[in-house]
Amino acid sequence: MNNPSPKAAVTQHKVLIANRGEIAMRILRACVGLGHEFVCVYTQADAASGHVRLARELGGGQSLFRIRSYQDPSELFAVADASQATAVHPGYGFFAEDYRFARRTENRDRPLIFIGPSWSVIRDLGDKINTKRIARSLSVPTIPGSDRPIFDEMEAVELAQAIFAFQNDQGITEGCVLVKASAGGGGMGIEEVYDLDTFRSVYRRIRNYAKRNLSDEGVLIEQRIFDFNHLEVQVAAERGGKNAVHFGTRNCSVQSLGRQKRIEVAPGFDPASLSYAFDASHVLDSITQHSVNMAKAVGYDNVGTWEWIVTPKGEPFLMEVNTRIQVENGVSGVISRCRCQADTKHGVDIISEQIRLGLGEPLGYTQDDVGFEGVGIEYRIIAEDPTDRFTPCLGRIERFAWRPEPWLQVFTQVPTAVDADIAYDIPMDFDPNLALAIVWGQDLGQARARGEEFLQNLTLAGTDTSGAPLRTNLGFLLSRTQTILHF
């Protein structure tokens, strides 16, 4: 997106891109497009990554620094000082939602701008209990359950009774309550309870586990929702947190067994071509309005995502807020149109907006200036075996190519046919994501047809570590394309 305030002087910055792969490449290109310098980092495992080649091409050797780990903040700050960087972009993952890193970035002897929300916002919304408490204070619907740790067994039983009653009212014949250690994480200290008779013993067990292993015997009680669609609202806000807009919704319900997203679609529902058992347009309006209102209320001041689940009855519940750019930002951008842009045909570059806002520029437009056109589909192309519980597959890619189309964007760190068929060893150090492909269509039917065309014509050849053909999720993506946005 072009700077919507061309009369204002824009200070040139040098941005340290504290990430790797395709997101580093997208940030790099956005910096160049906005007139800022950049510096990239890489590890030995990533020496053949596309972000290294692109940085060398657009910035020369002086724009690259080799480091031992992307997760060593001292090493990153040493690069920032050596390169005279003035800002840090964390991308997603690594330090993107680490409020301590963001605080250290701004409070060190040589301060840097953290391109993301303010550290206090990351801290406050990174706590799921606190997020639920804030949401409820603003009448934003959240998953039924506690918004604080429960230490009293009688109170826990009363809450469980209320949740089972709520599920019964929804027509759920086999209700389920989650009992979770409030200080836990990574799936530890959590059990499902299907009847009130066993609730007390499970509550006591989780409380004892939490006290013994986490030094905090607080327990959370929540409804377990099995059948739902996972929707997200893309929000952007300027420094100071006064002005905020949304760039629509996306549906992320096509996931692996581990709830890892595989296909994202924007908008989140398509009532123009599909029938739903609820007013889908009203749900979309409701979650976007709630998300923007909450962003303004907490002083949110960069790009972020409000994550929702929607039940088969069309009841939305806020799950959490992701205080960072997300992998799937591009599928929201491809359907968004902003009147302040010189080019309104190719969507909004949300990463560029994130950088612009992070460096202190005003939003420069209102929600009335933002519109939407068509349907976008994002595919996550991954070396994995969907028939074997989506097990990651390591190996070597020998050829990767696709047919360019005006409706297609592909983001990848893997060498392609135009790179003289350079072989690429999938690094063992990171997840096996190979590429993101974003398809746009005038409507859902056209987007699906184009998505199938892309997947069927994609060339992805290689071998795994045993010499067998490389396994990927292309067949899974193709099989799920015709049913996207169905509920």
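Residues numbered from 1 in each chain as written. Predicted model: local features only at pLDDT ≥ 70, side-chain atom pairs only at ≥ 80, totals over all residues. Heavy atoms only, no water.

Time to look at the side chain of Arg-324. Take Arg-324: it is sitting in the loop between strand E13 (316-322) and helix H10 (329-335). Looking at Arg-324, its side chain comes within polar contact range of the side chain of Glu-97, at 2.8 Å. With residues up to four places along the chain from it excluded, the contact list for Arg-324 reads Gly-91, Tyr-92, Gly-93, Ala-96, Glu-97, Tyr-300, Val-303 and Gly-304. (Helix = DSSP H or I, 4+ residues; strand = E, 2+ residues; numbered from the N terminus. Polar contact = N/O pair within 3.5 Å; in protein donor to acceptor, adjacent residues only side chain to side chain. Contact = heavy atoms within 4.5 Å.)

Here the focus is the environment of Glu-405. Within the fold, Glu-405 resides in the loop between strand E19 (395-401) and strand E20 (408-412). Separated by 49 residues in the primary sequence, Glu-405 and Phe-454 place their C-alpha atoms 9.0 Å from one another.

Attention now goes to the confidence of the model for the protein. Here the protein shows a mean pLDDT of 93. Residues at 70 or above account for 96%. Here residues 1-8 is modelled with pLDDT under 50, and outside its nearest four sequence neighbours on either side it reaches 20 contacts, counting other chains as well. (pLDDT = per-residue confidence, 0-100.)

Attention now moves to helix H8 (residues 199-214). With 16 residues, H8 extends 21 Å from end C-alpha to end C-alpha; this agrees with the ideal 22 Å at 1.5 Å per step. Here H8 has its buried residues at Phe-199, Val-202, Tyr-203, Ile-206, Arg-207 and Ala-210. Mapping the buried residues of H8 onto a view down its axis gives an arc of 130 degrees, with all of them on the same face. What points out from H8, more than 90 degrees from its buried face, is the exposed set Lys-211 and Arg-212. In this fold, the buried residues of H8 make contact with helix H7 (153-169), strand E6 (177-181), strand E7 (190-193) and strand E8 (219-223). Within two residues after H8, Ser-215 carries a phi angle of roughly 55 degrees, on the positive side. (Expected span 1.5 Å × (residues − 1). Buried < 20%, exposed > 50% of the residue type's maximum accessible area, 1.4 Å probe, protein only. Arc of directions from axis to C-beta.)

Moving on to empty space enclosed by the protein. In the structure shown here, the tally under the stated rule is one cavity of 30 Å³ or more. Here the largest cavity is characterised by a volume of approximately 50 Å³. In this structure, the largest cavity is lined by Trp-402, Arg-403, Glu-405, Trp-407, Leu-408, Glu-453, Phe-454 and Asn-457. Looking at the lining of the largest cavity, the element that brings in the most residues is helix H12 (residues 444-457), giving three residues. (1 Å grid on protein atoms, 1.4 Å probe; cavity = no way out; pocket = protein on both sides within 12 Å on 5 of 7 lines; lining within 4 Å. Points joined across faces, edges and corners; volume = space filled by probe spheres on them.)

Aromatic ring pairs are defined here through the distance separating the ring centres and the angle between the ring planes. For the structure on display, the rule yields 17 aromatic pairs. The ring centre of Phe-430 lies 3.8 Å from the NZ or CZ of Arg-20, which sits over that ring. Sitting over the ring of Trp-119, Arg-103 keeps its end group 5.1 Å from the ring centre. (Phe/Tyr/Trp six-rings, centres within 6.5 Å; stacked < 30°, edge-to-face > 60°. Lys NZ or Arg CZ within 6 Å of the ring centre and 35° of its normal.)

Note that side chains of opposite charge can pair when their charged atoms are close. Per the stated rule, a full pass over the model turns up 34 salt bridges. Residue Glu-453 pairs with Arg-403 through a salt bridge whose shortest N-O separation is 2.8 Å. In this pair, Glu-453 is assigned in helix H12 and Arg-403 in the loop between E19 and E20, connecting sequence segments 50 residues apart. Using a relative accessible area of 43% as the deciding quantity, one classes Arg-403 as partly exposed. (Salt bridge = Lys/Arg side-chain N within 4 Å of Asp/Glu carboxyl O.)

Where helix H4 (residues 99-107) is concerned, the buried positions are Tyr-99, Phe-101, Ala-102 and Thr-105. In a view along the axis of H4, the buried residues occupy a sector of 160 degrees, so they form one face of it. H4 presents Arg-100 and Asn-107 as exposed residues on the side facing more than 90 degrees away from its buried surface. Next to the buried residues of H4 lie helix H3 (73-83), strand E4 (87-89), strand E5 (113-114) and helix H5 (119-126). With a side-chain oxygen positioned 3.0 Å from the backbone nitrogen of Arg-100, the residue opening H4 is Asp-98.

Glancing now at the environment of Arg-224. Topologically, Arg-224 is positioned in the loop between E8 and strand E9 (229-237). Separated by 223 residues in sequence, Arg-224 and Ala-447 have C-alpha atoms that sit 33 Å apart. Look past the residues within four positions of Arg-224 in its chain and what remains in contact with it is Gln-167, Cys-176, Val-177, Leu-178 and Glu-192. A polar atom in the side chain of Arg-224 sits 3.1 Å from the side chain of Glu-192.

A separate point is the packing of H3 against H4. At a minimum axis distance of 12 Å, the contact between H3 and H4 shows a crossing angle of 30 degrees. As summarised for this structure, H3 and H4 are arranged roughly parallel, according to the angle between their axes. For the crossing formed where H3 meets H4, the hand is right-handed. Contact residues: H3 offers Pro-73, Ser-74, Leu-76 and Phe-77, while H4 offers Phe-101, Arg-104 and Thr-105. Taken together, the residues of the contact of H3 with H4 sort by class into four nonpolar, two polar and one charged. (Axes fitted to C-alpha atoms, helices over the stretch in contact; angles between N-to-C directions. Parallel < 35°, antiparallel > 145°, perpendicular 65-115°, else oblique. Left-handed = near helix turned anticlockwise from the far one by under 90°. Nonpolar A, V, L, I, M, F, W, Y, C, P; charged D, E, K, R; others polar.)

Viewed as axis vectors pointing N to C, H12 and helix H13 (residues 474-481) meet at an angle of 160 degrees, and their least axial separation amounts to 10 Å. Relative to H13, the element H12 lies roughly antiparallel. Between H12 and H13 lies a crossing of left-handed hand. Between H12, through Arg-448, Glu-452, Leu-455 and Gln-456, and H13, the contact on the second element is made entirely by Leu-474, Leu-477, Leu-478 and Thr-481. Residues that form the contact of H12 with H13 fall into these classes: four nonpolar, two polar and two charged.

We now examine the nonpolar core. Side chains that are nonpolar tend, in soluble globular proteins, to be buried together. Within the largest apolar cluster, 64 residues are counted, with the highest numbers of intra-cluster contacts made by Leu-16, Leu-76, Phe-247 and Ile-355. Formed by 61 residues, the second largest nonpolar core is a distinct cluster that contains Ala-295, Ala-447, Leu-470 and Leu-477. (Core = buried A, V, L, I, M, F, W, Y, C linked by side-chain atoms within 4.5 Å.)

The next thing to look at is the sheet that holds E6. Pairing in this open sheet of three strands is antiparallel, and the strands run E7-E6-E8 from one edge to the other. The open sheet has two edge strands, E7 and E8, and neither has a second partner. Sheet twist, expressed as the mean angle between neighbouring strand axes with direction ignored, is 20 degrees. Pairing analysis gives four bridges linking E6 to E7, with the strands arranged antiparallel. Residue pairing for E7: Val-177 is matched across the bridge by Val-193. Against the sheet, H7 contacts E6, E7 and E8, and its axis sits at roughly 10 degrees relative to E8. (Pairing = 2+ DSSP bridges.)

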